[in-house]
Amino acid sequence: MPRFSRRSFLHLSAAASAVAAFHGMSEPMLAAAARRRPHAKDAVLIDSNENPLGPCQGARDAVSAIIPQGGRYSDNLTDDLVTTFAQQEGLNPEYIYCTPGSTPPLSLSVLAFTSPQKSYVTADPCFETGMNMAAIAGARVVKVPLAKNYAHDVKAMLAAGPDAGVFYICNPNNPTGTLTSHSDIEYLVGNKPKDSIVLIDEAYIHLSEAPSALDLVKAGKDVILLRTFSKVYGMAGLRCGFVIARPDLLEKVIARGGQNFMPTTAVAAAIASLKDSTLVPERRHINASIRQQTFQWLDRNGYSYIPSESNCFLLDTKRPGKEVRDAMAKENVLIGRVWPIMPTYVRITVGTQEEMERFQAAFQRAMKS
Ligand SMILES: Cc1ncc(COP(=O)(O)O)c(C=O)c1O
């Protein structure tokens, strides 16, 4: 039985009550901060790395079926989800805690392991939620540029963070969609300072062919791994994710304020999604083929981009990226934000075929304006 069920509320409540409520800035919040609202109903939304396919049919059916029981907390259902995932991945259920998406455990892990004395080491460009949390914790935020091949430069990260509390690895990386090899991640884990943790964010892992780093968790390393149902499973609005780590690490994360009941709709949909054995390969294939067609179109039209293994990529506009975002918004196509280290690049999410065709037409016009 997973140890963090309703019973663990009592166990952890003293620690939790001493902690202020924190809300991490998640991807849609970051996207919305840069987006004009309200947007038109028929706008193309390729700014938040969402999955336009939404939940699979089994998940939709499971949500409908659970609605009459919506008056119950049904925490046994969350135990079922954890057990299902544990069996599929060969994990001990005690290593898994279920959360509404992976933003909460990402934020709480950073709060638990960084401080004014313990820095946060991240790649640049990279997903910003952790660095924002580290700043709230009063930690030094160390940004290390990606290597030439756009992998995390783990040796440079180690050199830059002798005082690190957290090394954050996003694999595939957001926003570049590029991979960091398992051997580099192992090297980081093997050579990091004592008392630090490696926080591995696998939000997009199923969209690539990259191996997971779950083996490092199973081996009892100082690794906290995050998974979400928001990407390949198309459940961003339903909110479900996992934090996976040794129970002593998990307890520290959850003690920062992470315990709550899960929405039963999210849990029911997540169980159905995990049981659909065709979902991941099919969706990985759909995303890869639309991404490839988009890259071919960009090649034919002489635009530069960073090749990606995920559902987003960086496109070089050769001028201030913010201008292009604005021009695209006028075309009713909302594209992703710009990272300060690469000011001419904009992040594009891979949408449906039709959305990418509208993107192409709008991008041609925006680049001529
Ligand atoms: C790298 C990365 N990690 C975590 C998340 C969190 O997503 P959610 O809270 O929807 O699980 C996102 C969302 O886009 C992301 O890009």
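This write-up is about the structure you can find in this document. (Residues numbered from 1 in each chain as written. Predicted model: local features only at pLDDT ≥ 70, side-chain atom pairs only at ≥ 80, totals over all residues. Heavy atoms only, no water.)

As for the packing of helix H13 (residues 321-330) against helix H14 (residues 353-368)
Where H13 meets H14, the axes come as close as 9 Å, and the angle between the chain directions of the two elements is 125°. One finds that H13 runs oblique with respect to H14. You can see that H13 and H14 cross each other, and the crossing is right-handed. Between H13 and H14, the contacting residues are Val324, Ala327 and Met328 on the first element and Phe359, Ala362, Phe363, Ala366 and Met367 on the second. Considered class by class, the residues forming the contact of H13 with H14 number eight nonpolar, no polar and no charged. (Axes fitted to C-alpha atoms, helices over the stretch in contact; angles between N-to-C directions. Helix = DSSP H or I, 4+ residues; strand = E, 2+ residues; numbered from the N terminus. Parallel < 35°, antiparallel > 145°, perpendicular 65-115°, else oblique. Left-handed = near helix turned anticlockwise from the far one by under 90°. Contact = heavy atoms within 4.5 Å. Nonpolar A, V, L, I, M, F, W, Y, C, P; charged D, E, K, R; others polar.)

Remarks on the sheet that holds strand S8 (residues 241-244)
Spatially, S2-S8-S7-S6-S5-S3-S4 is the arrangement adopted by the seven strands of the open sheet, whose pairing is mixed. The sheet terminates laterally at strand S2 (96-99) and strand S4 (141-145), the two strands that pair on one side only. When the angles between neighbouring strand axes are averaged without regard to direction, this sheet yields 20°. Two elements, strand S3 (residues 119-124) and S4, share five bridges in a ladder whose sense is parallel. Each bridged residue has a counterpart across the sheet, and for alanine 123 the counterpart in S4 is valine 144. Where helix H4 (residues 75-89) meets the sheet, its contacts fall on S2, strand S7 (223-228) and S8, and the angle it forms with S2 comes to roughly 130°. (Pairing = 2+ DSSP bridges.)

Overview of the packing of helix H5 (residues 103-113) against helix H6 (residues 129-136)
Here H5 crosses H6 at 40°, and the two axes come no closer than 9 Å. Considering their axes alone, H5 and H6 lie oblique with respect to each other. Where H5 crosses over H6, the handedness of that crossing is right-handed. Contact residues: H5 offers Thr103, Leu106, Ser107, Val110 and Leu111, while H6 offers Thr129, Gly130, Met133 and Ala134. Within the contact of H5 with H6, the residues separate by chemical class into five nonpolar, four polar and no charged.

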